[in-house]
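One-letter residues, chain by chain:
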Amino acid sequence: MAAPADPVSTRAAVLAVADWLRDPGLPAPARAELAAAVRLTARTLAELAPGASVEVRVPPFAAVQCVAGPRHTRGTPPNVVETDPRTWLLLATGLLDLPDAATAGALRLSGSRAADIAEWLPLVKIDAC
């Protein structure tokens with residue numbers, strides 16, 4: 001199991017990519033910066049919503065199991081959230097909400113419990129401007 005995500009480190013990692021989140025016209029952050037922000041926010045979600053009934057996938061950087069309920073151990077989990085790194089960070093910062101991301105097709109939710117992660121979002125609040 002990974003070490004707990006330090007809230008200060010998580011916030012710093014998110015702030016390092018915040019301008020890009022607010023303005024998609026800016027160049028993408030360095031891969032290491034993006035990876036750190038995604039991994040730390042995903043780990044934070046897993047800590048805030050312990051369990052294994054939902055798997056959150058943010059390829060190529062993170063996959064975590066979270067949300068209390070039936071544990072899944074083999075094959076494709078019944079409850080999956082999958083998205084790209086930018087969309088994940090928009091959700092994690094509150095700059096985008098789950099229903100809007102799903103409607104736009106930027107987020108795939110499968111299973112009856114997948115949308116339950118909305119209860120813990122945002123993970124790190126940043127200003128929209």
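Everything below is about the structure shown above.
Here's a quick rundown of the structure. (Residues numbered from 1 in each chain as written. Predicted model: local features only at pLDDT ≥ 70, side-chain atom pairs only at ≥ 80, totals over all residues. Heavy atoms only, no water.)

One broad rule of soluble globular proteins: the nonpolar side chains tend to lie buried together. Formed by 39 residues in total, the largest nonpolar core has its most connected members in V38, L45, V56, C66, W88, L89 and I117. Among the secondary structure elements, those contributing two or more residues to this core are α1 (7–22), α2 (31–48), β1 (54–58), β2 (62–66), α3 (85–93) and α4 (98–103). No other element matches α2, which puts eight residues into this core. For W88, the contacting residues outside a window of four places in its chain are V38, T41, A42, L45, V56, V58, T83, I117, L121 and L123. (Core = buried A, V, L, I, M, F, W, Y, C linked by side-chain atoms within 4.5 Å. Buried < 20%, exposed > 50% of the residue type's maximum accessible area, 1.4 Å probe, protein only. Helix = DSSP H or I, 4+ residues; strand = E, 2+ residues; numbered from the N terminus. Contact = heavy atoms within 4.5 Å.)

For the rest of this paragraph, the subject is unusual backbone geometry. Put simply, P59 and P60 share a cis peptide bond, and its omega is 5 degrees. Structurally, P60 can be placed in the loop between β1 and β2. Although it is not a glycine, V67 sits at a positive phi angle of roughly 70 degrees. Residue V67 is classed as buried on the basis of its relative accessible area, which comes to 2%.

Turning our attention to α2. For α2, spanning 18 residues, the distance from its first C-alpha to its last is 26 Å, which sits close to the expected 26 Å at 1.5 Å a residue. Every buried residue of α2 is listed here: L34, A35, A37, V38, L40, T41, A42, T44, L45 and A46. Turning to α2, the residues buried within the fold contact α1, β1, β2 and α3. (Expected span 1.5 Å × (residues − 1).)

Further remarks concern the side chain of S53. Tracing the backbone through its elements, the reader meets S53 in the loop between α2 and β1. Polar side-chain contacts of S53 include one of 3.4 Å to the backbone oxygen of A68. Of the polar contacts made by the side chain of S53, one reaches the side chain of R113; its length is 3.4 Å. Beyond its immediate chain neighbours, meaning those up to four positions away, S53 contacts C66, V67, A68, G69, P70, N79 and R113. (Polar contact = N/O pair within 3.5 Å; in protein donor to acceptor, adjacent residues only side chain to side chain.)

Take the packing of α1 against α3 next. Remark: α1 packs on α3, axes separated minimally by 11 Å, with the N-to-C direction vectors making an angle of 105 degrees. One finds that α1 runs roughly perpendicular with respect to α3. Of the residues in α3, those touching α1 at V14, V17, W20, L21 and R22 are R86, L89, L90 and T93. (Axes fitted to C-alpha atoms, helices over the stretch in contact; angles between N-to-C directions. Parallel < 35°, antiparallel > 145°, perpendicular 65-115°, else oblique.)

This brings us to the sheet that holds β2. With respect to topology, four strands assemble into an open sheet ordered β2-β1-β3-β4, the strand pairing being mixed. Each end of this open sheet is capped by a strand with a single partner; those strands are β2 and β4 (107–110). The mean inter-strand angle of the sheet, taken between neighbouring strand axes irrespective of direction, is 10 degrees. Across the face of the sheet, α2 comes into contact with β1 and β2 while running at roughly 10 degrees to β2. (Pairing = 2+ DSSP bridges.)

Another aspect to go through is the packing of α2 against α3. One way to put it is that α2 packs onto α3 with a least axis distance of 10 Å and a crossing angle of 50 degrees. One element, α2, and the other, α3, form an angle in the oblique class. Both α2 and α3 take part in a crossing whose hand is left-handed. Counting all contacts with α2, which are made through L34, A37, V38, T41, A42 and L45, the residues of α3 involved are P85, W88, L89 and A92. Tallied by class, the residues present in the contact of α2 with α3 amount to nine nonpolar, one polar and no charged. (Left-handed = near helix turned anticlockwise from the far one by under 90°. Nonpolar A, V, L, I, M, F, W, Y, C, P; charged D, E, K, R; others polar.)

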